[in-house]
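# Structural features, examined
In case you want the letters, here they are:
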Amino acid sequence: MWLAAVLGLIPLVHAEIAKPAAWVPARWPWADARSLDLLDGSPVNCLLLKSPPAEFVAAAKARGVVVLAIGGDPDDLVLTGEPGLPTIHLTTRRKMALGSGDPIIGTTQGVWPGIAPEEAGAHKAGPTSSVWIDTNTGFLRAVRAWGPATVWIANMPPEKTVITTARYLQAIADAAIIGARWVIALDSDLAARLDRREEAAMGTWKRMGALLDYFEHHPEWRTMREAGQLAIVQDPAKGGLLSGGILDMIATKHTPVRPVPSERLTPEALAGATMAVNIAGDSLNPEQKEVLRGFARGGGTLLNGPPGWKDPAPAGGAITLEKPELERLGDMWRDVNGMIGRRNLGVRLFNVASMLSNYVSAPGGKSAIVQLVNYSDYPVDNVTLHYLAELPRATLITPEGAEKKLEVYKTEDGWGVDIDRVSTCAAIRLEQ
Amino acid sequence: MTRREWLALLSTAPLLKAAPDAPVAPVSIAKCASYDEDVTAKLAAMFDQLGGLDKLVRNKTVTVKLNMTGGPGVRLRGMPPAMTHYVHPKVIGATAYLMGKAGATRIRFVESAWATAGPLEDVMLDSGWNVRTLASAAPGVEFENTNGLGKGKKYSRFKFPGKAYMYPEYVLNHAYEDTDVFVSLAKLKEHADCGVTLSLKNCFGIIPASIYGDDAGVNDPNEKPTKGRSDVVHFGKRQPAKIAPPELYPGVGSKTGGYRVSRAVADLSVVRPIHLAIIDGVESMAGGEGPWIRGVRPVKPGVLLAGLNPVSTDAVATAVMGYNPRAERGTPPFRNNADNTLLLAEAHGVGAADLSRIEVRGVSIANALYRFA
């Protein structure tokens, strides 16, 4: 009788397990319960490891942490947990179950976000250009266009490279500003130092936790959708899988862009857009082509690729383009760039050369968020945002401090706000 | 070497023969350790030392050429461009305020921004500047990107009165003609091609890429330039759009920036005279004009300079940088093929680069000395 009573209490001593959409995942290099102490104060609540011992799973569960066992091939991981929990597939971009209805879809393929170095170690910079930022944001935007599934990107830090705290923060933010989650993965050096509880490593871990916390405290951001007046119609099995493709090129201009998978090209998908770029080329069926013609007839500006244009696809399992394809895409990009010009297609940002941004809007358009990630190792002072929406209240939200009301002023074509400083991340909430 | 020894060496070094008739004007130097100091008060004192701004700008339209070389996204160690290779907005704002106070009716800030003919305000915002603050620094503040037609309806023609080095006529944005006073607001910097870039070299940027750019039309200007001017002016690979006359001596001289840009700059100082030179040397960079030059580093010379003759002002500034302003090609800072722009302009009769003839007011060169090398 007493045993039944104790068993009856077991669920009560277990902390509540979050729903899959709220799982904050990390590849966990340890299998001892002591390692779970690292989760104190951290939003990480989903640990991925091979062959997790039962006592580890139980100890994690007592903390409200889900443990998923990693199985399968390195590029086709299958994550399984206790009965009742969904099985998650982290696979190649090409094999992702887009639009499947799975609560979580993910991939192991990603670029390591950050300012791209040149061979000589200097940044890709000259009098002629700004820095190029390696990012997964374009790909993640394309995936998010398929529906509400939570998206995980589970790429590993590059090997034989010193990964600074800033680079970890950038990896987290690169996914999070699009509403996705980077599956935390520690390089072996950091993992070893964390295991010894070295102060500097603990500092890195805590900063990662604080940044995750910042995003996790705003679940509403993940439900907002890409806004702005520029739509990109593309074949998700081709250009949508790319990093360094047209979506990332547009991102460097800080022009808000909505990817529209060609399969989902409807008049509704283009609502609110004033410009559309058809990257899908001749692969569109007659109905889809008619949607674009209707868009143009309705006053929208439509840019099609040249005759015979095909959305460049990465070779084999690659996620970036080889030089010839990149050059071909570059020709298309010049046309897109010329069409966009300096127009404000929702938001324009200034002094953000080392940053990427995302502009999302709540259903009904009563509020919107502009997210910023700074990929340089230095804070950036004096960022300016110009936006079109009739949202005359603005609030700055940063991982570093309390929310701050911003002065909103009228500009030539809408509203403007100035942001004093952006360290790693900032969000500007715009409201009626 | 001590400051005294350096100055003594300057006075005894074998120098190019000075043009005895070239005009000179006093140059004012002020120490200014950071942009957090009262830049306005320091500039006001300097202008007073030069005889006051009133008589120069009262009831006048003033055009101020800023130095904003390179794209605003290209940065040295992530620093704001104004801390390294652009003039600082505090110096710009202070200049506008003082000019407004002195009675200027219109103050037009201009630059041919890198690879764009879009609004200059956009480039300023991309540089992290508060354009609203600058615009409110004085009544009548305007901004214009002079990389193309800009706000003008036609280009202005500046014919060289005599024998030019490079082009017999320069075709420029209207702002350089529609003005009573022309000011060069430069940064205290070295230059990879030309040795130094000060108030004279700053005005290389008045040449529009629409006509002299790499993607300028063969016949007509390209009002949407996306490139620099190296093919036409630096390396002589092509001629400007036919709206402007071709260079006078194609095939003569080396096809390097050190030869050609220096000469174009000297020509420009004749066709578009500079009435006031202001040099921002509070914080800068050494080793070149922008972050794209290998080996550049941030420096804090902590000085401001101003003068009514650009050659004299640049001569004093070059000395403050620890260099002989009369040094010849091959001697630092005029390395490699760099011809000394100051001497080329002096030979045109624009001004004298002879320190012995230039009165320095405020802080002495010796006390302002900050060695760039």
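Being a predicted model, the structure only gives us computed values, none of them experimental.

### A closer look at the overall build of chain B
The secondary structure content of chain B amounts to 13 helices and 14 strands. Relative to the globule expectation of 21 Å for 373 residues, the C-alpha radius of gyration of chain B, 19 Å, shows essentially globular dimensions. Projecting the C-alpha coordinates of chain B onto the three principal axes gives extents of approximately 55 × 50 × 40 Å. Per-residue burial for chain B yields a buried fraction of 60% across its 373 residues. Long-range pairs, those at least 24 residues apart, make up 75% of the contacts in chain B between residues at least 6 apart in sequence.

### Some points on the confidence of the model for chain A
Looking at chain A, pLDDT values average 90 and 94% of them are 70 or higher. Of the regions scoring below 50 in pLDDT, residues 1-12 of chain A engages in zero contacts with residues more than four places distant in sequence or in other chains.

### Things to note about the sheet that holds strand 15 (residues 301-304) of chain A
All names here are of chain A. Spatially, the four strands line up as an open sheet ordered 13-12-14-15, and their pairing is parallel. Each edge of the open sheet carries a strand with a single partner, namely strand 13 (257-261) and strand 15. Looking at each pair of strands side by side, their axes are set apart by 20° on average, direction ignored. Direction of pairing for strand 12 (residues 230-234) relative to strand 13: parallel, over a ladder of five bridges. Across the sheet, residue Q234 finds its bridge partner in strand 13, namely P261.

### Focus on the interface of chain B and chain A
The interface is formed by 21 residues belonging to chain B together with 19 residues belonging to chain A. Taken together, the residues that form the side of chain B that touches chain A break down as eight nonpolar, 10 polar and three charged.

### Brief notes about the sheet that holds strand 4 (residues 141-145) of chain B
Residues and elements named next belong to chain B. The mixed open sheet is built from eight strands, whose spatial order is 4-3-2-7-10-13-1-14. Looking at strand neighbours, the two that pair on one side only are strand 4 and strand 14 (360-362), the edges of this open sheet. Taking the axes of each pair of neighbouring strands and ignoring which way they run, one obtains an average angle of 20° across the sheet. Bridge analysis of strand 1 (residues 27-31) against strand 14 gives three bridges, and the strand direction is parallel. By the bridge assignment, V27 is partnered in strand 14 with V360.

### Describing the pairing of strand 16 (residues 347-350) of chain A
The two faces of a sheet get side chains in turn, since along a regular strand they alternate between them. Residue and element names in this part refer to chain A. Along strand 16, one buried face is formed by V347 and L349 and the opposite face, lined by R348 and F350, is buried too. In this sheet, strand 19 (residues 380-387) lies alongside strand 16 in antiparallel orientation, the contact comprising four bridges. Within strand 19, the residue paired with R348 across the bridge is H386.

### Re the environment of V24 of chain A
All names here are of chain A. Here V24 lies in the loop between helix 1 (2-13) and strand 1 (25-27). Look at V24 and you get buried, because 22 C-beta atoms sit within 10 Å. Spatially, the C-alpha atoms of V24 and G364 are 28 Å apart, while their sequence positions differ by 340 residues. If sequence neighbours within four positions are ignored, V24 has contacts with P43, V44, N45, C46, R181, L212 and E216.

### Topic: the environment of N304 of chain A
Relative to the helices and strands, N304 of chain A resides in strand 15. Considered as a pair, N304 of chain A and G114 of chain A are 190 residues apart in the sequence and their alpha carbons are 31 Å apart.

### Some thoughts on helix 9 (residues 286-297) of chain A
All names here are of chain A. The terminal C-alpha atoms of helix 9, which comprises 12 residues, lie 16 Å apart, in line with the 16 Å expected from a rise of 1.5 Å per residue. Summarising the contacts, the buried residues of helix 9 are in contact with strand 14 (275-278) and strand 15. Residue G299 follows helix 9 closely and has a positive phi angle near 105°.

### Notes on the confidence of the model for chain B
Residues and elements named next belong to chain B. Put simply, chain B has an average pLDDT of 94, and 95% of its residues get 70 or more. Contacts for the low-pLDDT stretch residues 8-16, under 50 throughout, to residues beyond four places or in other chains number eight contacts. Here the complex is predicted with pTM 0.90, and the ipTM for its interfaces comes to 0.89.

### A short note on the nonpolar core
Judged by nonpolar contacts, the single largest core of 250 residues is most densely connected at I172 and I428 of chain A together with L305, V316 and V320 of chain B. Ignoring any residue separated from it by four or fewer positions in sequence, one finds L305 of chain B in contact with V27, S28, I29, I279, G281, T313, V316, A317 and V320 of chain B.

Conventions adopted
- Residues numbered from 1 in each chain as written.
- Chains lettered and ligands numbered in written order.
- Predicted model: local features only at pLDDT ≥ 70, side-chain atom pairs only at ≥ 80, totals over all residues.
- Helix = DSSP H or I, 4+ residues; strand = E, 2+ residues; numbered from the N terminus.
- Rg over C-alpha atoms; globule rule 2.2 N^0.38 Å.
- Buried ≥ 20, exposed ≤ 12 C-beta atoms within 10 Å, placed from the backbone.
- Contact = placed C-beta atoms within 7 Å.
- pLDDT = per-residue confidence, 0-100.
- Pairing = 2+ DSSP bridges.
- Axes fitted to C-alpha atoms, helices over the stretch in contact; angles between N-to-C directions.
- Nonpolar A, V, L, I, M, F, W, Y, C, P; charged D, E, K, R; others polar.
- Expected span 1.5 Å × (residues − 1).
- Core = buried A, V, L, I, M, F, W, Y, C linked by C-beta atoms within 7 Å.

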